[in-house]
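Residues per chain, in single letters:
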Amino acid sequence: MTRICGLSAGAALAVFIIVGAPRAEAATCTAITTAAELQNMLNDTAANYCLKNDIDMKSIPNFLPVGLPAHMFTGTFDGGNHVISNLATNHSDLDHVGLFGITNGATIKNVTIDNPKVVAGKVGDHVGALVGTAEGTTISNVHVVNGEVVLNAQGGDGGGIAGFLTANSTIDLSSVATDVVTKADANAGGLAGETDANIKVTRSYTSGLVFCTGTDCDAGGLVGATGSNTTITKSFSTATVFCPTNSICGGLVGYAAAGNFSVAYASGEVVSGTGTVEGGLIGTLDGANSATLDQVYAIGLIGGSASTLGGLIGVSNGSPSTHGAYWDAQTSGRSTSAVGTAMTTRQMWNNMPGLFNTTTWHITLRFGYPYLTTGLDFRPQLATLVNLSSHLVFTFDRISQRDKSNYRGATNHIDQASLAACYTMIARAIGVDQDYSALAEVQIDKYFWVDATQKTLWRGPVTSDATLGALKAIPANVTLTTTAVAYMKKGKVVLLRGSYQNGSKTAEAWMLGTLFTSDEDGKILAVIANDPFTGEQIQIDPVKKTVAVPRSFPLKGFKVDAYQPVTIAIP
């Protein structure tokens, strides 16, 4: 299984900012300090527990989920903003698999699950890193990073946090940056596989991969299938969604039984096989006469060989109430949708879409899509937790040196302009997060040149917030390993320097390395970087150190030869 370290492969510049969340605890609770004590919670599933420190679960090779049908977990669990790492649970004889098996009326909050390996193998199973099935359960400030959740049998539900949410359950202020993989006839979702009626998902987001490997699946970046009267608001997904044949899949939700979807967007790619319905936001919207779409958009590529494809909605069985529903016809590759209004990329970038509430949304004109600002614990456009406790990675607007709106005047110096563009991305992210109006919409050459020739060294007001480490050469015969890109894994941006052929001369260019993909053994499969020349996110082959994707990359012969860590220091 491919692991994405940092953020979703569809995201842009990564800027890591420390968020000092308070370590809240229940007034009276049973303290949990070891893996053994965490396992022993199954002996009293009605108690209140609080995590007192981070716990590594390597000492328990096959954790038994807390809460079985005859003894559901009904108490509270407060993680105190600590991390449970390396949770491994693999069961083919249980109906509900996760840290918690099945909960009823429980409250679970303030915990990060890092690098889980959660596998269920029974037909019709419900599996999630946090909980297999949550009945009337409140989940808040829960984050799942790295690792994978796997449903290794047909039917059932697989989700990054929960497999199945039953009536009156809620998920708030939570995120998933892990892979969710299911078999045929299953529901797969980045956050939850399936929701029953009267479910609320608020202020939450997902990245990574949602992948159903069989037929007849419902898969979505956030939720695979939703029941009636489900509410999803102030949430988004950057996850890539893969569906097989005869399935329903969407960037946010695969199948939706009506419901209310507001202040939400999806930016991940949706790809499927024949006989499938695809939508950039929702695959199939059933009972649409009683559904609401309010301030939503989708921009991800809708691809594959599906029989029905929609830029926003694939199929709508009825006419939902709409108040600002858009899709990018260029990036999605789709000119039609069952519901919504088509926009060009420039239209989406140049103005706040009509009917969007400007107290909830913000936009950096000319440079990117609307992003959420109200009620969230982050500001920039896209975000996902990384594997370090209390750290968030923020992604922000891409820049292309070929976009004239980024310059006051023309530039002919790709080498220096690329370095300035990298710093400008960082400056904008800081500007938006810290309300520095001078930086929030800065052009590449507004602050960042020593002289008017745009040829000498970079400078600018961002220097007090970004610190550079030493530039380290990477020898020609050295593969990009976890050592060479260690700073990326530790939660920092890396400037990548490379050379390319400019006619008969060798020239330099810079880009931002933001994450990498690796296999289960930690071997790097690709380094992901943001290229300021094209404005694209690219993949770099770790052995050849050349651009592998896209193949038509315009800087011919570009090859990475050095890296330099960048530390963002937000007061």
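Not measured: the values here are computed from a predicted model. (Residues numbered from 1 in each chain as written. Predicted model: local features only at pLDDT ≥ 70, side-chain atom pairs only at ≥ 80, totals over all residues. Heavy atoms only, no water.)

Caption draft 1: Highlighting the overall build of the chain. When helices and strands are counted, the chain shows seven helices and 50 strands. The long-range fraction of contacts in the chain, counting pairs at least 24 apart against all pairs at least 6 apart in sequence, stands at 73%. With the model as given, the accessible surface of the chain reaches about 19800 Å², and the carbon-plus-sulfur share is 50%. (Helix = DSSP H or I, 4+ residues; strand = E, 2+ residues; numbered from the N terminus. Contact = heavy atoms within 4.5 Å. Areas by Shrake-Rupley, 256 points an atom, 1.4 Å probe, with all protein chains shown as cover.)

Caption draft 2: Expanded view of the pairing of strand β46 (residues 505-518). Buried residues dominate β46, accounting for 11 of its 14 residues. As paired strands, strand β45 (residues 493-502) and β46 are joined by nine bridges and run antiparallel to one another. Its bridge partner lying in β46, Arg497 is registered against Trp510. Where β45 hands over to β46, the hairpin turn is made up of two residues, of which Gly503 adopts a positive phi near 70°. (Buried < 20%, exposed > 50% of the residue type's maximum accessible area, 1.4 Å probe, protein only. Pairing = 2+ DSSP bridges.)

Caption draft 3: Representation of the environment of Phe242 in the model. Looking at the element boundaries, Phe242 is found in strand β26 (residues 240-242). Taking relative accessible area as the criterion, Phe242 reaches 31% and is therefore assigned partly exposed. When the C-alpha positions of Phe242 and Gly303 are compared, they lie 9.8 Å apart, and in sequence the two are 61 residues distant. Once residues lying within four places of it in the same chain are set aside, the contact partners of Phe242 are Leu209, Val210, Phe211, Cys212 and Val271.

Caption draft 4: Structural view of unusual backbone geometry. The omega torsion of the bond from Val549 to Pro550 falls at 0°, within 30 degrees of zero and hence cis. Structurally, Pro550 can be placed in the loop between β49 (547-549) and β50 (559-568). The backbone of Asn141 shows a phi angle near 55°, a positive value even though the residue is not glycine. Following the sequence through the fold, Asn141 ends up in strand β14 (residues 138-151). Looking at Asn141, the relative accessible area reads 18%, which means it is buried. Located in the positive-phi region is Asp216, a residue other than glycine, with phi close to 60°. Position of Asp216 relative to the elements: it lies in the loop between β22 (205-212) and β23 (218-220). Residue classification places Asp216 among the partly exposed positions, given a relative accessible area of 39%.

Caption draft 5: Fine view of the side chain of Asp328. Along the chain, Asp328 falls in strand β37 (residues 321-328). Within polar-contact distance, the side chain of Asp328 engages the backbone nitrogen of Thr331 at 3.1 Å. Among the polar contacts made by the side chain of Asp328, one reaches the side chain of Tyr369 at a distance of 2.7 Å. Those residues in contact with Asp328 that sit more than four places away from it in its chain are Ala298, Ile299, Met343, Thr344, Thr345, Met348 and Tyr369. (Polar contact = N/O pair within 3.5 Å; in protein donor to acceptor, adjacent residues only side chain to side chain.)

Caption draft 6: Expanded view of the packing of aromatic side chains. As enumerated under the stated definition, the model contains 15 aromatic pairs in all. Judged by centre distance (4.7 Å) and plane angle (35°), the ring pair of Phe356 and Trp361 falls under tilted. Like Phe356, the residue Trp361 is buried in the burial classification. In this structure an aromatic cluster arises from ring pairing among Tyr205, Phe236, Tyr265, Tyr297, Tyr326, Trp349, Phe356, Trp361 and Tyr369. (Phe/Tyr/Trp six-rings, centres within 6.5 Å; stacked < 30°, edge-to-face > 60°.)

Caption draft 7: How the structure looks around the state of the cysteines. Applying the stated criterion to the full structure yields two disulfides. The disulfide bridge from Cys29 ends at Cys50, spanning 1.9 Å between sulfur atoms. On the S-S bond that ties Cys29 to Cys50, the torsion sits near 60°, and the link is right-handed. Of this pair, Cys29 sits in the loop between β2 (13-18) and β3 (30-32) while Cys50 sits in strand β4 (residues 48-51), and the two are 21 residues apart along the sequence. Of the residues examined, Cys29 reaches a relative accessible area of 28% and is grouped as partly exposed. (Disulfide = S-S within 2.5 Å.)

Caption draft 8: Region of the structure containing the sheet that holds strand β15 (residues 157-159). The strand order β8-β12-β15-β19-β23-β27-β31-β35 describes an open sheet built from eight strands, whose pairing is parallel. A single partner strand is all that each edge strand has here, and the edge strands are β8 (96-97) and β35 (308-310).

Caption draft 9: Structural context of the nonpolar core. The biggest cluster of nonpolar side chains holds 70 residues, and the ones touching the most others in it are Phe77, Phe100, Leu130, Ile161 and Leu293. Per-element accounting of this core gives the leading share, five residues, to β14. Discounting residues that sit within four places of it in the chain, Leu293 has contacts with Phe261, Leu281, Ile282, Leu285, Ile313, Pro320, Ser321, Thr322, His323, Ala325 and Val339. (Core = buried A, V, L, I, M, F, W, Y, C linked by side-chain atoms within 4.5 Å.)

Caption draft 10: The sheet that holds strand β20 (residues 192-195), seen in detail. Sheet architecture is open: eight strands sit in the order β9-β13-β16-β20-β24-β28-β32-β36, paired in parallel fashion. Unpaired on one side and paired on the other, β9 (100-104) and β36 (313-316) mark the two borders of the sheet. Ignoring which end each strand starts from, the neighbouring axes of this sheet average 10° apart. Note that strand β28 (residues 253-257) and strand β32 (residues 282-286) share four bridges and pair parallel. Of the residues in β32, the one forming a bridge with Tyr255 is Thr284. (Axes fitted to C-alpha atoms, helices over the stretch in contact; angles between N-to-C directions.)

Caption draft 11: Representation of the side chain of Thr182 in the model. Inspection of the secondary structure assignment puts Thr182 in strand β18 (residues 175-182). In this structure Thr182 touches Leu151, Gly158, Asn187, Ala188, Phe211, Cys212, Thr213 and Gly214, once residues within four positions along its chain are discounted.

Caption draft 12: Just the pattern of salt bridges, in detail. Tallying each qualifying case throughout the model produces four salt bridges. A salt bridge links Lys117 to Glu148; its shortest N-O distance comes to 2.1 Å. Highlighted residues: Lys117 in strand β11 (residues 117-120) and Glu148 in strand β14, separated in sequence by 31 residues. A salt bridge links Asp172 to Arg203; its shortest N-O distance comes to 2.5 Å. Of this pair, Asp172 sits in strand β17 (residues 170-172) while Arg203 sits in the loop between β21 (200-202) and β22; the two residues are 31 residues apart in sequence, bridging distant segments of the chain. (Salt bridge = Lys/Arg side-chain N within 4 Å of Asp/Glu carboxyl O.)

Caption draft 13: Molecular detail of the environment of Pro116. You can see Pro116 is positioned in the loop between β10 (107-114) and β11. Taking the relative accessible area as the measure of exposure, Pro116 reaches 2% and is therefore buried. Distance in space between the C-alpha atoms of Pro116 and Asn86 is 5.2 Å, their sequence separation being 30 residues. Among all residues touching Pro116, those that are not within four sequence positions of it are Leu87, Ala129, Val144, Val145, Asn146, Gly147 and Glu148.

Caption draft 14: Representation of the confidence of the model for the chain in the model. Confidence in the prediction of the chain, expressed as mean pLDDT, is 84, and 85% of residues score 70 or more. In the model, residues 1-26 has pLDDT below 50 throughout and makes 104 contacts with residues more than four positions away in sequence or in other chains. Counted against residues more than four places away or in other chains, residues 378-395, with its pLDDT under 50, gives 94 contacts. (pLDDT = per-residue confidence, 0-100.)

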